[in-house]
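# Structural characterization, general
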Amino acid sequence: MSLSPTGLEQQVGPPGFAPLSFLSRAVFFFPEMNSVGEACTELKREYDTCFNRWFAEKFLKGDRSGDPCTESFRKYQRCVQAAIKEKEIPIDGVDFMGPNKDKPES
Amino acid sequence: MVKYFCSSTDIRSTWDHVVSAFWQRYPNPFSTHVLTEDVVYREVTADHRLLSRRLLMKTNRLPRWAERLFPSGMSRSVYIIEDSIVDPVNKSLTTYTWNLNHTTLMSVEERCVFQGSVEHPATTQLKREAWISSSIYGFSKPIQEFGLARFKSNQVKAMKGLEYALSNLQGEAPQRLLRDTVKDASEKAKEAAKTLASAAAVPQKPRQFV
């Protein structure tokens, strides 16, 4: 693989196999998503893990027993809401489904 | 002036799988432009629906002519809100997504409805609508055309990303869960690879590795 004049060039592989080989390499480089608050990423991942399990095993099956993720959500939110304020992201007071209210029913 | 875009497609997966994958679709090889993802609100209603709000931060990729006109736009990321309602009784997931900033330049709103079917449980119908507009006088049309083209390209990436998440969930190698051609998929993969390469060439915060 040689460097092109513009910088790094990614070789994708022979056309027939391009999608799979690219995807398998990409998996190695993209383990998890980050939070907008750098310090919150670990708390986010803990919460996400709890939520995904609860969602598939309880919520979708109509199980209305307690939510096991309340505590991890609370910790995560404390961190991320502080980061949102600090970065002045204009999310405060935005109505749920805000602009959808003006749209005709699909 | 607002451009309206609407499409319907069938996803060859059960609604339960689609909704679970919806929460786990980032990161994926086609979402290199999505930098952060956070759930900022969540509530289970009395009638057992799940309301959620996700905040996403994406890079703002503009064509050269727009970069020259709006140089400050380059340095600021785009913040996007994704509100959603999961109704497991009616097997519907409704999402509404829009950008919080850069709205004068371009406003993109998208509504998606993922509907499960009792008659065809192995399939989920997806209906998407988008509204794209720009308030910049004199540049509206080219900006809207660009916005529409980027939106369509992002939609393809979004579907590829969802397919990828679905395959991971189902423990299979990534396969085509939508009707698509092999040539099309490899072209999209090459496009995604170019985005990766150009992202690698631009100085940015180092990614976290396991």
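In the block above lies the structure referred to throughout.
Remember, it's a predicted structure, so these values are computed and weren't measured experimentally.

Conventions used here
- Residues numbered from 1 in each chain as written.
- Chains lettered and ligands numbered in written order.
- Predicted model: local features only at pLDDT ≥ 70, side-chain atom pairs only at ≥ 80, totals over all residues.
- Heavy atoms only, no water.
- Helix = DSSP H or I, 4+ residues; strand = E, 2+ residues; numbered from the N terminus.
- Contact = heavy atoms within 4.5 Å.
- Salt bridge = Lys/Arg side-chain N within 4 Å of Asp/Glu carboxyl O.
- Buried < 20%, exposed > 50% of the residue type's maximum accessible area, 1.4 Å probe, protein only.
- Expected span 1.5 Å × (residues − 1).
- Phe/Tyr/Trp six-rings, centres within 6.5 Å; stacked < 30°, edge-to-face > 60°.
- Pairing = 2+ DSSP bridges.
- Core = buried A, V, L, I, M, F, W, Y, C linked by side-chain atoms within 4.5 Å.

## Digging into the overall build of chain A
- Scanning chain A for helices and strands turns up three helices and zero strands.
- What you see in chain A, going N to C, is helices and strands ordered as α-α-α.
- Nonlocal contacts in chain A, meaning residues at least 24 apart in sequence, comprise 38% of its contacts between residues at least 6 apart.

## Some thoughts on the pattern of salt bridges
All names here are of chain B.
- A full pass over the atoms with the stated rule returns 15 salt bridges over all chains.
- The partner of Lys-91 in a salt bridge is Asp-16, with the nearest N and O atoms 3.4 Å apart. On the criterion of sequence distance, the pair formed by Lys-91 in the loop between strand 4 (78–87) and strand 5 (92–99) and Asp-16 in helix 1 (residues 15–23) is long-range, its members being 75 residues apart.
- For Asp-16, a relative accessible area of 29% puts it in the partly exposed group.

## Here we look at helix 3 (residues 70–86) of chain A
- Along its 17 residues, helix 3 of chain A runs 24 Å from first to last C-alpha, staying within 8% of the 24 Å computed at 1.5 Å per residue.
- For helix 3 of chain A, the set of buried residues is Ser-72, Phe-73, Tyr-76, Gln-77, Cys-79, Val-80, Ala-83 and Ile-84 of chain A.
- Those residues of helix 3 of chain A that are buried are in contact with helix 2 (41–57) of chain A together with strand 2 (34–44) and strand 3 (50–58) of chain B.
- Glu-88 of chain A sits one or two residues past helix 3 of chain A and shows a positive phi near 55°.

## So, unusual backbone geometry
- A cis geometry characterises the amide bond from Tyr-26 of chain B onward to Pro-27 of chain B, with omega recorded as -5°.
- Along the chain, Pro-27 of chain B turns up in the loop between helix 1 and strand 2.
- Of note, Glu-88 of chain A is a non-glycine position whose phi angle comes to about 55°, a positive value.
- Looking at where Glu-88 of chain A falls in the secondary structure, it is placed in the segment after helix 3.

## Some details on the packing of aromatic side chains
All names here are of chain B.
- A complete count under the given rule lists 16 aromatic pairs over all chains for this structure.
- Both rings, one in Phe-5 and one in Phe-151, keep their centres 5.7 Å apart while their planes meet at 90°; by these two values the pair is edge-to-face. With a gap of 146 residues between them, Phe-5 in strand 1 (residues 2–11) and Phe-151 in helix 4 (residues 140–170) connect regions that are remote in the sequence. Summarising the burial analysis for this pair, Phe-5 and Phe-151 share the class buried.
- Each ring, one from Phe-22 and one from Phe-114, has its centre 6.2 Å from the other, and the planes form 55°; the classification is tilted. Taken as a pair, Phe-22 in helix 1 and Phe-114 in strand 6 (residues 107–116) lie far apart in primary sequence, 92 residues in all. Taken as a pair, Phe-22 and Phe-114 share a single burial class, namely buried.

## Observations concerning the environment of Phe-151 of chain B
- A relative accessible area of 8% places Phe-151 of chain B in the buried class.
- The contact partners of Phe-151 of chain B, leaving out residues within four places of it in the chain, are Phe-5, Val-108, Glu-110, Ala-130 and Ile-132 of chain B.

## Regarding the pairing of strand 5 of chain B
Residue and element names in this part refer to chain B.
- Across the eight residues that make up strand 5, a large majority, seven, are buried.
- Note: strand 4 against strand 5, eight bridges, orientation antiparallel. Looking at the pairing, Ser-84 lines up with Thr-95 of strand 5.
- The turn joining strand 4 and strand 5, which pair antiparallel and follow one another in sequence, is formed by four residues; a positive phi near 50° is taken by Lys-91.
- The sheet contact formed by strand 5 and strand 6 spans seven bridges and is antiparallel. Residue Leu-93 lies in a different strand from strand 6, and its bridge partner there is Phe-114.

## As for the nonpolar core
- In this structure, Phe-55 of chain A together with Leu-55, Val-86 and Phe-114 of chain B are the most contacted members of the largest nonpolar core, which totals 47 residues.
- Here the element with the most residues in this core is helix 1 of chain B; it accounts for six residues.
- Each residue touching Leu-55 of chain B, except ones within four places of it in the same chain, is listed here: Val-36, Ile-84, Ile-89 and Ile-91 of chain A together with Thr-36, Glu-37, Asp-38, Val-40, Tyr-79, Ile-80 and Leu-100 of chain B.
- Counting residues in each nonpolar core, the second largest holds 13 residues, with Phe-70, Ile-136, Ile-143 and Phe-151 of chain B among its members.

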